Amino acid sequence: MGFKTTDGLMRHLRNTGISITGSTQKRQLMNTGYFHGYKGYRFFQNSRNRLPFTTYNEVYATIQYDSKLKALFYEKVMFIETAVKNIALESILVNTNSENIQDMYDKVVGSYNNAPMDYTSEQRKKLQQNKLNLQNSIQSSLAKAYRTNNPQITHFYDSTGCSGVPIWALFEIMTMGDFGYLLSCLTYNVRDDISRRIGINVSSDTDRQLVFKYIYTIKDLRNAIAHNSVVFDTRFRNIDPTRPMKRCLQQEFGLPYVNFKSIGDYVILICYYLKLLHVSKTEIKAFVREFERITEDYKNSVSSRVTAKVIHPDLTSRMNTLKNYL
């Protein structure tokens, strides 16, 4: 027999130095899964960096910590996605002076013909390729929405009086990744307009890339939450922050560094957006305090050896800097 029953997995854990016993822990192992649970949470960021668990209580506490972080972040991340989409949508409609998707391509998306005067032929070709990739991506999204009978899209294709899907309806079906790519394809002037409407500090953002770079960063977190992947150790991180991404937050909060290698930096980025979007100080501080409470509860549930690997040593000071700024 090549597989192990739950009892067999418990014996295997005990044989590898993890104390686990009794019906409660057996149920916890069954509910969280050996592969999703134990094997997913036994290391920090990569499989070479094993966490020094000695009891299943520590494993389960880590899974619970991760679940509570996802529950805490979900509402805020969805709020930010919706708000930034709506701000960007208004800017695109105003700058296009139309709700027609083709007009958007022609007027506010970078291409070979509307590239900055100092662009080389290769840079112009890259803009044009990005525009073609964007058009292809949008057409695929619309085709999928129509194929799956999404009423937000079928309405426009199945009504004889409609001349096509408007930009605002497209935004309703866009994933956060697609939204980030659209932002990256917009002309400098429109990215500048959206950045200023949101309130992003553009002093260090000469190319106006923060507006989509930060969306890509939040998108990685959002997707990890949506797919119930591990978030506490930021293994979902797919982007190396650029100098402007670091400098913006460092200047804003008075931080010595930002690198998105620990979950605290994502708390900082979320708070930055909540503040830009005029969420009350009371609500933002409550969010930070809840993050601190969840983290403190976790620290009290595991050994100091586990804490030393999971909780960044300057997390407390960074959160205090954040709260003082707020």
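Our subject is the structure that appears above.
Residues numbered from 1 in each chain as written. Predicted model: local features only at pLDDT ≥ 70, side-chain atom pairs only at ≥ 80, totals over all residues. Heavy atoms only, no water.

Peer 1: I tried to follow the packing of aromatic side chains on my own but got confused; where do I start?
Peer 2: Within a pair of aromatic rings, the relevant descriptors are the distance that separates the centres and the angle that separates the planes. Applying the stated criterion to the full structure yields 17 aromatic pairs. Both rings, one in Tyr214 and one in Tyr273, keep their centres 6.2 Å apart while their planes meet at 85°; by these two values the pair is edge-to-face. Taken together, the residues Tyr214 in helix H11 (residues 210-226) and Tyr273 in helix H13 (residues 263-276) connect sequence positions 59 residues apart. Of the two residues, Tyr214 and Tyr273, neither departs from the other in class, the shared state being buried. Pairwise contacts between aromatic rings join Tyr214, Phe253, Tyr272, Tyr273 and Tyr325 into one cluster. Note that Arg124 overlies the ring of Tyr112, its terminal NZ or CZ placed 5.8 Å from the centroid. Across the ring face of Tyr257, the terminal group of Arg318 is positioned such that the distance to the ring centre comes to 4.1 Å. (Phe/Tyr/Trp six-rings, centres within 6.5 Å; stacked < 30°, edge-to-face > 60°. Helix = DSSP H or I, 4+ residues; strand = E, 2+ residues; numbered from the N terminus. Buried < 20%, exposed > 50% of the residue type's maximum accessible area, 1.4 Å probe, protein only. Lys NZ or Arg CZ within 6 Å of the ring centre and 35° of its normal.)

Peer 1: Quick question: what am I supposed to make of unusual backbone geometry here?
Peer 2: A positive phi angle, close to 55°, is found at Asn228, a residue other than glycine. Take Asn228: it is sitting in the loop between H11 and helix H12 (243-253). Taking relative accessible area as the criterion, Asn228 reaches 41% and is therefore assigned partly exposed. One non-glycine residue, His278, lies in the positive phi region at around 65°. Mapped onto the secondary structure, His278 falls in the loop between H13 and helix H14 (281-299). A relative accessible area of 73% means that His278 is categorised as exposed.

Peer 1: In this structure, what is going on with the nonpolar core? I would like to understand it.
Peer 2: Nonpolar side chains in soluble globular proteins generally cluster together in the buried interior. Core analysis: the biggest nonpolar cluster contains 105 residues, and Phe73, Ile92, Met104, Tyr272, Tyr273 and Phe291 have the highest contact counts within it. At 15 residues, the largest contribution of residues to this core is made by helix H4 (residues 56-96). Sequence-distant contacts of Met104, defined by excluding residues within four places in its chain, comprise Ile92, Thr96, Val109, Ile138, Ile167, Leu170 and Leu182. (Core = buried A, V, L, I, M, F, W, Y, C linked by side-chain atoms within 4.5 Å. Contact = heavy atoms within 4.5 Å.)

Peer 1: What exactly am I supposed to notice about the pattern of salt bridges here?
Peer 2: Close approach of charged atoms lets side chains of opposite charge pair. For the coordinates displayed, the defined rule picks out 16 salt bridges. Lys70 is the partner of Asp66 in a salt bridge, and the nearest nitrogen-oxygen pair spans 2.9 Å. Of the two residues, Asp66 and Lys70 are both situated in helix H4; the distance of four residues between them amounts to about one turn of the helix. When its relative accessible area of 6% is taken as the criterion, Lys70 is described as buried. The partner of Glu283 in a salt bridge is Lys76, with the nearest N and O atoms 2.9 Å apart. Note that Glu283 is positioned in helix H14 and Lys76 in helix H4, a separation of 207 residues in sequence. Judged by its relative accessible area of 37%, Glu283 is partly exposed. Several salt bridges converge on common partners, so that one network encompasses Glu81, Lys85 and Arg222. (Salt bridge = Lys/Arg side-chain N within 4 Å of Asp/Glu carboxyl O.)

Peer 1: Quick question: what am I supposed to make of the packing of H13 against helix H16 (residues 315-325) here?
Peer 2: The relative placement of two packed helices comes down to the angle between their axes together with the axis-to-axis distance. Following both chains from N to C, one finds H13 and H16 inclined at 5°, their axes separated by 10 Å at the closest point. On the basis of their axis angle, the class for H13 and H16 is roughly parallel. Listed contacts from H16 to Gly264, Asp265, Val267, Ile268, Cys271 and Lys275 of H13 are Leu315, Arg318, Met319, Leu322 and Tyr325. Among the residues making up the contact of H13 with H16, the classes are represented as seven nonpolar, one polar and three charged. (Axes fitted to C-alpha atoms, helices over the stretch in contact; angles between N-to-C directions. Parallel < 35°, antiparallel > 145°, perpendicular 65-115°, else oblique. Nonpolar A, V, L, I, M, F, W, Y, C, P; charged D, E, K, R; others polar.)

Peer 1: Got a minute to help me understand a positive patch on the surface in this structure?
Peer 2: On the surface, Arg243, Lys246, Arg247 and Lys261 cluster together to form a positively charged patch. Relative to the elements of secondary structure, Lys246 occurs in helix H12. (Patch = residues over 30% accessible without salt bridge, like charges linked within 9 Å, V, L, I, M, F, W, Y side chains within 5 Å. Areas by Shrake-Rupley, 256 points an atom, 1.4 Å probe, with all protein chains shown as cover. Lys, Arg positive; Asp, Glu negative; His and termini not counted. Charge placed at Lys NZ, Arg CZ, Asp CG, Glu CD.)

Peer 1: I'm lost on helix H10 (residues 188-198) in this one. Help?
Peer 2: Among the residues of H10, those classed as buried are Val190, Arg191, Asp192, Ile194, Ser195 and Ile198. Just downstream of H10, Gly199 is the residue with a positive phi angle, here 105°.

Peer 1: What is the right way to read the side chain of Ser195 from this model?
Peer 2: Summarising the element assignment, Ser195 is placed in helix H10. Excluding residues within four positions of it along the chain, Ser195 makes contact with Ile200, Val202, Arg208 and Val211.

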